[in-house]
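Summary of structural features
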Amino acid sequence: MVRHYGVLVFKKEISEAEIEESLRTMKELVLQIPGLLDMEYGPYSSPEGMNDGFTHGFLITFDSEESRDAYLPHPIHEQAKGVVVPRLERAIVFDFVVK
């Protein structure tokens, strides 16, 4: 199993509706790309304050590294990136294999 997670900062001019549309677009990939098991997202909500300005996060679960690797260049993923990426100011994405 592979976890693919990220933290995001949307551009200042992006509305809450556009942010929600972006994250929903990512979540819709679950039913469309084989091996993508789940996607969760939400705004930063910790009182700890260690978010370094990042405002939203997501977590995608894949059944295998092979499924993750197939997802990265998948045309449906590329289409979703076309919605999300132009709206971002900053992003960090990190993958790890679950032990």
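Residues numbered from 1 in each chain as written. Predicted model: local features only at pLDDT ≥ 70, side-chain atom pairs only at ≥ 80, totals over all residues. Heavy atoms only, no water.

Quick word on the nonpolar core
Generally speaking, soluble globular proteins have nonpolar side chains that are buried together. Ranked by size, the top nonpolar core spans 19 residues in total, and within it Leu36, Ile60 and Tyr71 carry the most contacts. Those elements giving two or more residues to this core turn out to be strand 1 (2-10), helix 1 (16-27), strand 2 (36-43), strand 3 (56-62) and helix 3 (75-84). Apart from residues lying up to four places away in sequence, tyrosine 71 is in contact with His4, Leu29, Ile33, Leu36, Ile60, Phe62 and His77. (Core = buried A, V, L, I, M, F, W, Y, C linked by side-chain atoms within 4.5 Å. Buried < 20%, exposed > 50% of the residue type's maximum accessible area, 1.4 Å probe, protein only. Helix = DSSP H or I, 4+ residues; strand = E, 2+ residues; numbered from the N terminus. Contact = heavy atoms within 4.5 Å.)

Points about the side chain of serine 64
With respect to the helices and strands, the residue serine 64 is situated in the loop between strand 3 and helix 2 (65-71). A relative accessible area of 17% places serine 64 in the buried class. A polar contact is formed between the side chain of serine 64 and the side chain of aspartate 63, at a distance of 3.2 Å. Polar side-chain contacts of serine 64 include one of 3.4 Å to the side chain of glutamate 66. (Polar contact = N/O pair within 3.5 Å; in protein donor to acceptor, adjacent residues only side chain to side chain.)

Topic: the sheet that holds strand 2
With antiparallel pairing, the 4 strands of this open sheet are ordered in space as 2-3-1-4. Since the sheet does not close on itself, it has two edges, and those belong to strand 2 and strand 4 (88-97), each with one partner. Within the sheet, the average angular offset between the axes of one strand and its neighbour, ignoring direction, is 15 degrees. Bridging between strand 1 and strand 4 involves 9 bridges; their strand directions are antiparallel. Note that in strand 4 the partner of tyrosine 5 across the bridge is phenylalanine 94. Of the strands in this sheet, strand 1, strand 2 and strand 3 are in contact with helix 1, which crosses strand 2 at around 165 degrees. (Pairing = 2+ DSSP bridges. Axes fitted to C-alpha atoms, helices over the stretch in contact; angles between N-to-C directions.)

Coordinates in, geometry out; function isn't part of it.
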